[in-house]
Amino acid sequence: MNQDQLKALVARAAAEYVEEHAPCDSVIGVGTGSTANLFIDELGRLKDRFSGAVASSEASRVRLEKLGFRVLDLNEVSEIPIYVDGADEIDPALHVIKGGGAALTREKIVAAVAAKFVCIADASKRVEVLGRFPLPVEVIPMAREYVARQLRKLGGEPCWREGVVTDNGNVILDVHGLRIADPVALESAINQIVGVVTNGLFAARAVDVLLVSNADGVQRMQRG
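Residues numbered from 1 in each chain as written. Predicted model: local features only at pLDDT ≥ 70, side-chain atom pairs only at ≥ 80, totals over all residues. Heavy atoms only, no water.

Enquirer: For the packing of aromatic side chains, give the residues involved together with the corresponding values.
Expert: For the structure shown, the criterion picks out two aromatic pairs. In this structure an aromatic cluster arises from ring pairing among Y83, F117 and F202. We note K108 situated over the ring of F202; from NZ or CZ to the ring centre the distance is 5.1 Å. A cation over a ring is seen here: R144 above W160, with NZ or CZ 3.7 Å from the ring centre. (Phe/Tyr/Trp six-rings, centres within 6.5 Å; stacked < 30°, edge-to-face > 60°. Lys NZ or Arg CZ within 6 Å of the ring centre and 35° of its normal.)

Here is the structure:
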């Protein structure tokens, strides 16, 4: 199987998972990115099962609406039983790096509200230690250079993702050269830098369930 086929396989498994575990008439949380897009397409057949969806990006909102979903603002929603999203890297403790699609802040907010965070990925995203994939950091534009200097003090080499503006009107610094042995501590340290909105480490609120595809099928892993 090639990577596109592996993504399609795990997207289908995720749709089956939410069909089995999400209560009828609940609100489903939906992430952003290429694997999440395939999951959205698989959800199309289930749209009558849900009262609505919350999207972590404008791109996902548009895709959901085209399939007939009622997309809700998160402020209208008191609970989300399941949030499904992809990842750029996943470690054995189910800490992940996200933000390759520049939607990390909204993704992190929806994940915080969700009772269960389900991550979908192909096996290439699994690593022993996070950091091979550059860590995205969303930054207030006027603070870009200041934040970059502070990130260098933490051992990384930030690179401005030029031409990219987030749905929140901010910019992205991609931090290269990190070996993230303590994701929870680094997530907190970066978030304390003035001018940072958030960073792409999902460690304080880690993944609850990982669905990961390989040539043998889809494996399910659960935190704890």
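Now that the structure has been shown, the text picks up again.
Enquirer: Describe the pairing of strand β13 (residues 217-222), listing the residues and the values that go with them.
Expert: Of the strand pairs in this sheet, strand β12 (residues 209-214) and β13 are connected by six bridges, and their pairing is antiparallel. If you follow L210 over to β13, its bridge partner there is M221. In this structure, the hairpin formed by β12 and β13 is closed by a connection of two residues. (Pairing = 2+ DSSP bridges. Helix = DSSP H or I, 4+ residues; strand = E, 2+ residues; numbered from the N terminus.)

Enquirer: Any chance you could break down the environment of A204 for me, citing the residues and the numbers?
Expert: You can see A204 is positioned in the loop between β11 (201-202) and β12. With a relative accessible area of 65%, A204 lands in the exposed category. Residues A204 and S188 lie 16 residues apart in sequence; the distance between their C-alpha atoms is 8.2 Å. (Buried < 20%, exposed > 50% of the residue type's maximum accessible area, 1.4 Å probe, protein only.)

Enquirer: Lay out the sheet that holds strand β5 (residues 96-97) in plain terms, naming residues and giving numbers.
Expert: Taken in spatial order, the three strands of this open sheet run β4-β5-β11, and their pairing is antiparallel. In this open sheet, the two edge strands, each paired with only one partner strand, are β4 (89-90) and β11. Here two bridges tie β4 to β5, and the two strands are oriented antiparallel to one another. Looking at the pairing, I90 lines up with V96 of β5.

Enquirer: I'd like a rundown of the sheet that holds β12, residues and numbers included.
Expert: If you trace the six strands from one edge of the open sheet to the other, you get β2-β1-β3-β6-β12-β13, paired in mixed fashion. The open sheet is flanked by β2 (52-55) and β13, the only strands paired with a single partner. Within this sheet the neighbouring strands show an average axis-to-axis angle of 20°, counted without direction. Judged from the three bridges that link them, strand β1 (residues 27-30) and strand β3 (residues 80-85) form a sheet pairing that is parallel. Paired with G29 across the strands is Y83, a residue of β3. Docked against the sheet, helix α1 (residues 3-21) engages β1, β3, β6 (114-122), β12 and β13, running at close to 145° with respect to β12. (Axes fitted to C-alpha atoms, helices over the stretch in contact; angles between N-to-C directions. Contact = heavy atoms within 4.5 Å.)

Enquirer: Give me the lowdown on the pattern of salt bridges, citing residues and values where you can.
Expert: For the coordinates displayed, the defined rule picks out 15 salt bridges. The shortest N-O distance in the salt bridge between R152 and E157 comes to 3.4 Å. For E157, a relative accessible area of 42% puts it in the partly exposed group. We note a salt bridge from R161 to D174, for which the minimum N-O separation is 2.7 Å. In this pair, R161 is assigned in the loop between β8 (157-160) and β9 (171-176) and D174 in strand β9, connecting sequence segments 13 residues apart. Judged by its relative accessible area of 17%, R161 is buried. (Salt bridge = Lys/Arg side-chain N within 4 Å of Asp/Glu carboxyl O.)

Enquirer: How would you sum up a nonpolar patch on the surface? Please name residues and give values.
Expert: Together, I140, M142 and V197 make up a nonpolar patch on the protein surface, roughly 310 Å² of accessible area in all. In this structure, V197 sits in strand β10 (residues 196-199). According to the relative accessible area criterion, V197 is partly exposed, its value standing at 32%. (Patch = residues over 30% accessible without salt bridge, like charges linked within 9 Å, V, L, I, M, F, W, Y side chains within 5 Å. Areas by Shrake-Rupley, 256 points an atom, 1.4 Å probe, with all protein chains shown as cover.)

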